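Chains, contacts and geometry: an overview
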Amino acid sequence: MVPERFAPVLAELQPLADRFLAAGHRLFLVGGTVRDLMLDRIIEGDFDLTTDARPDAVKKLLHGWSDAVWSQGEKFGTIGARRGDRTYEITTHRGESYTPDSRKPEVSFSDAIETDLSRRDFTVNAMARRGADGKLFDPLGGRADLQIVGMRAEHEQIEWRHKRVPSEGTGQIQIRRQRGRCRRWHDGGAHGSRDTRR
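Below is a summary of the structure that appears in this document. All values reported here derive from a predicted model rather than from experimental measurement.

Rules used throughout
- Residues numbered from 1 in each chain as written.
- Predicted model: local features only at pLDDT ≥ 70, side-chain atom pairs only at ≥ 80, totals over all residues.
- Heavy atoms only, no water.
- Helix = DSSP H or I, 4+ residues; strand = E, 2+ residues; numbered from the N terminus.
- Buried < 20%, exposed > 50% of the residue type's maximum accessible area, 1.4 Å probe, protein only.
- Areas by Shrake-Rupley, 256 points an atom, 1.4 Å probe, with all protein chains shown as cover.
- Contact = heavy atoms within 4.5 Å.
- Salt bridge = Lys/Arg side-chain N within 4 Å of Asp/Glu carboxyl O.
- Arc of directions from axis to C-beta.

The secondary structure content of the protein amounts to 5 helices and 13 strands. By the burial criterion, 40% of the 198 residues in the protein qualify as buried. Looking at the protein as shown, the accessible area adds up to about 10,900 Å², and 47% of this sits on carbon and sulfur atoms.

And the structure:
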């Protein structure tokens with residue numbers, strides 16, 4: 001069931017989603033846009049979208065529909081577009097893998113929405129609504145996490161707890177560990193990273 005608050009957004013997105021579907025591709029509303037709508041926040045800025053279509057195909061599908069298209073982020077899989085007062089950032093699904101001798105992932109395009117969602121930072125940002133019918137894709141349980149206090153890192157299910165951190169006061173803290181990196185969040189903001197591979 002699609003929540004009523006999504007209806008205006010999905011209606012606005014429908015013509016573009018239909019263009020992608022007619023060409024054999026899927027288009028998804030993703031990330032912070034989905035999260036904020038589930039929190040009943042007003043969406044006034046860009047729409048973040050993801051698709052299995054490659055950047056060249058995205059540009060062709062936008063031709064004749066959008067008022068403007070830009071491709072500065074094309075090498076990263078992102079094509080920008082504007083229609084009326086709305087800006088769209090459309091990024092091809094991405095996956096990542098590590099080689100034994102490197103801490104940095106190799107990023108490549110993917111055909112699966114689940115693969116794209118699995119590489120996002122937090123579970124609440126790893127949700128998508130399919131543009132054609134509004135179906136929710138939530139492989140990591142982000143919707144449930146919106147109903148509990150705080151967030152947890154998607155790769156290690158670490159709950160937020162109230163603790164005291166020297167010089168930072170009392171607040172909510174979260175640790176994200178991935179490939180030896182540790183990212184700490186406090187009161188909803190990032191406080192840097194440090195190497196934990198020792």
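This part covers the side chain of R86. Structurally, the position occupied by R86 is in strand β5 (residues 86-92). Residue contacts for R86: discarding those within four places in its chain leaves E12, I43, E44, G45, F47 and A81.

A few words on the pattern of salt bridges. Where charged atoms from two side chains of opposite charge approach closely, those side chains can pair. In this structure the tally under the stated criterion is 10 salt bridges. A salt bridge links D56 to K59; its shortest N-O distance comes to 3.7 Å. With D56 and K59 both in helix α3 (residues 55-62) and 3 residues apart, the pair spans about one turn of that helix. Residues D116 and R120 are paired through a salt bridge, measuring 2.8 Å at the closest nitrogen-oxygen approach. Look at D116 and you get buried, because its relative accessible area is 2%.

Let us now look at α3. The set of residues buried in α3 consists of P55, V58, L61 and L62. Along the axis of α3, the buried positions cluster into a sector of 120°, meaning they face one direction only. Where α3 terminates, the next one or two residues include G64, which has phi positive at roughly 90°.

A few words on unusual backbone geometry. Here D40, not a glycine, exhibits a phi torsion of approximately 65°, which is positive. Relative to the elements of secondary structure, D40 occurs in the loop between α2 (32-38) and β2 (47-51). Overall, D40 belongs to the exposed group, its relative accessible area being 56%.

Turning next to the environment of V9. Looking at where V9 falls in the secondary structure, it is placed in helix α1 (residues 7-22). Along the chain, V9 and F47 lie 38 residues apart, while their C-alpha atoms are 9.1 Å from each other. Excluding residues that lie within four positions of it along the chain, V9 makes contacts with L29, L37 and F47.

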